[in-house]
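Read off the chains here:
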Amino acid sequence: MRSYHPAMPVRLAVGEGAFTGSGFLFDKDGTLVSFDHWLAVMGERARRLAGELELAEPEHQMLRRFMGLDRDRPGPTRGTILHLPRCDVEDAVALYLASRRSGDLGATRDLVGRVFREVDEEFPFERHLRPTAGAEEGLRAIHRAGGKTAIVTHDTASAARRHLAALGWEDLVSVVVGLDVCEKRKPDPESVLMACDALGVPPEETVMVGDTVTDLLAGRAAGCGGTIAVLTGLGTEEELAPYADLVVPDLTSISWARAA
Ligand SMILES: [Mg+2]
């Protein structure tokens, strides 16, 4: 997946702040796409599990809240398992259900694994994929200016590629690193360094963009030339600001142009 066309320097500007880089590394959920698709998938998983286990409605609602959905508040619920990688969500749900129902953990794991696989195969997630404000325009502007982009995600790269295909963004992102490609999780820098290597751009000429502290820490640990926090995901400005060179409400705040 190494990229052979050399990346061109792109100037990224936010108000007075500016960086020049030729590789732009984006987290996926909360940064390029909203959590809507993930919430929909979680809701469908909870619905099917409730059906299989014949849970009463209050138990179903408790399971939904555990999985990051709150009937009374739209959008992602902070402090839940919503931000966890796929494999950890499966484990966490199995443990939760087994402990609440005093059930056999092995059998519960098998059930949760099966339901999650069925939802992955059958659920029309693409109907719920929503780019964050400015995401597509940003990727297109970087592409036009000759820069390179990568996704560094805790989702699997295969799922991220399905998302890119559904959004019509395959040509806008050169490299995808997920947990099936690199097992080390952010804030470890390894996945970021793998993305830089695959782009053929040294880390100091890249900028990492993400919605969580772990994205920003991984970018700094990898030696990225800049880190940008977006407030379209789970992190708040207070949490993210100490680890970011710039904090923006969303990607529409950034202008990208070929560096002079
Ligand atoms: Mg994220």
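What counts and how
Residue positions are given per chain, counted from 1 along the sequence in the order it is written. Where local features are concerned, this predicted model is filtered to residues with pLDDT of at least 70; where side-chain atom pairs are given and counted, the filter is 80 or more; whole-chain, interface and lining totals use all residues. In DSSP terms, a helix is any run of H or I states spanning at least four residues, a strand is any run of E spanning at least two, and both are numbered starting from the N terminus. Note that the radius of gyration is over C-alpha atoms, with the globule rule given as 2.2 Å times the number of residues to the power 0.38. Labels follow a simple rule on C-beta atoms placed from the backbone: if 20 or more others lie within 10 Å of a residue's own, it is buried; if 12 or fewer, it is exposed; otherwise it is partly exposed. We call two residues in contact when their backbone-placed C-beta atoms lie within 7 Å. Put simply, a nonpolar core is a cluster of buried Ala, Val, Leu, Ile, Met, Phe, Trp, Tyr and Cys residues tied together by C-beta atoms within 7 Å. For two strands to be treated as a pair, DSSP must find at least two bridges joining them. Inter-axis angles, ranging from 0 to 180 degrees, are taken between N-to-C directions of lines fitted to C-alpha atoms, where helices are fitted over the stretch in contact. An automatic or database domain assignment supplies the residue ranges for each domain. Orienting the strands away from the viewer, one traces the path from the first strand over the helix to the second; a clockwise path indicates a right-handed crossover.

Q: Could you clarify how one ought to interpret the overall build of the protein in this entry?
A: Of regular secondary structure, the protein possesses nine helices and nine strands. For 260 residues, the compact-globule estimate of 2.2 N^0.38 gives 18 Å, and the C-alpha radius of gyration of the protein, at 19 Å, lies within 12% of that figure. Within the protein, buried positions represent 44% of all 260 residues. Sequence separation of 24 or more characterises 61% of the internal contacts of the protein that already satisfy a separation of 6 or more.

Q: Just checking my understanding: could you explain the nonpolar core for this structure?
A: With 48 residues, the main nonpolar core has Leu25, Ala150, Val192 and Ala195 as its most contacted residues. Element by element, the count of residues in this core is highest for helix 7 (residues 190–199), at five residues. Phe35, Leu39, Leu49 and Val115 belong to the second-largest nonpolar core, a separate cluster that totals 20 residues.

Q: Teacher, can you tell me more about the sheet that holds strand 3 (residues 23–26) here?
A: Hydrogen bonds between backbone atoms are what pair the strands of a sheet, whose relative direction is either parallel or antiparallel. Pairing in this open sheet of six strands is parallel, and the strands run 5-4-3-6-7-8 from one edge to the other. The sheet is open, and its two edges are formed by strand 5 (175–177) and strand 8 (246–248), each paired on a single side. Strand after strand, the sheet turns through a mean of 20 degrees between neighbouring axes, direction not considered. Note: strand 7 (residues 226–230) against strand 8, three bridges, orientation parallel.

Q: How do you make sense of the sheet that holds strand 1 (residues 10–14) when you look at a structure like this?
A: Read from one edge to the other, the open sheet built from three strands follows the order 2-1-9, with strand pairing classed as antiparallel. The open sheet has two edge strands, strand 2 (17–21) and strand 9 (255–258), and neither has a second partner. Across the sheet, the mean angle from the axis of one strand to that of its neighbour is 20 degrees, orientation sign disregarded. Bridge count for strand 1 against strand 9 is four bridges, and the pairing is antiparallel. Its bridge partner being in strand 9, leucine 12 is matched across the sheet by tryptophan 256. The strands that helix 5 (residues 135–145) touches are strand 1 and strand 9; relative to strand 9, the one it contacts most, it runs at about 10 degrees.

Q: I tried to follow the pairing of strand 3 on my own but got confused; where do I start?
A: Regular strands show a simple pattern: their side chains alternate between the two faces of the sheet. The alternating pattern of strand 3 places Gly23 and Leu25 on one face and Phe24 and Phe26 on the opposite face, and all of these are buried. In the sheet, strand 3 pairs with strand 4 (residues 148–152) via four bridges, with the strands oriented parallel. Paired with glycine 23 across the strands is lysine 148, a residue of strand 4. Pairing analysis gives four bridges linking strand 3 to strand 6 (residues 206–210), with the strands arranged parallel. Looking at strand 6, one finds that leucine 25 is bridged to methionine 208.

Q: Whenever I open this one, the domain arrangement of the protein confuses me. Can you help?
A: Under the domain assignment used here, the protein contains domain 1 (10–34 + 130–258) and domain 2 (36–127). Taken over C-alpha atoms, the centre of domain 1 sits 28 Å from the centre of domain 2. At the interface, 11 residues of domain 1 touch nine residues of domain 2.

Q: Help me understand the pairing of strand 6, please; the structure alone is not making it clear to me.
A: The buried fraction of strand 6 is high, at five of five residues. What you see with strand 6 is no split at all: Thr206, Met208 and Gly210 on one side and Val207 and Val209 on the other are buried throughout. Two strands pair when backbone bridges link them, and strand 6 and strand 7 are joined in this way by four bridges, in the parallel orientation. Bridge pairing links methionine 208 to threonine 227 in strand 7. Each parallel crossover has a hand, and the one from strand 6 via helix 8 (residues 213–222) to strand 7 is right-handed.

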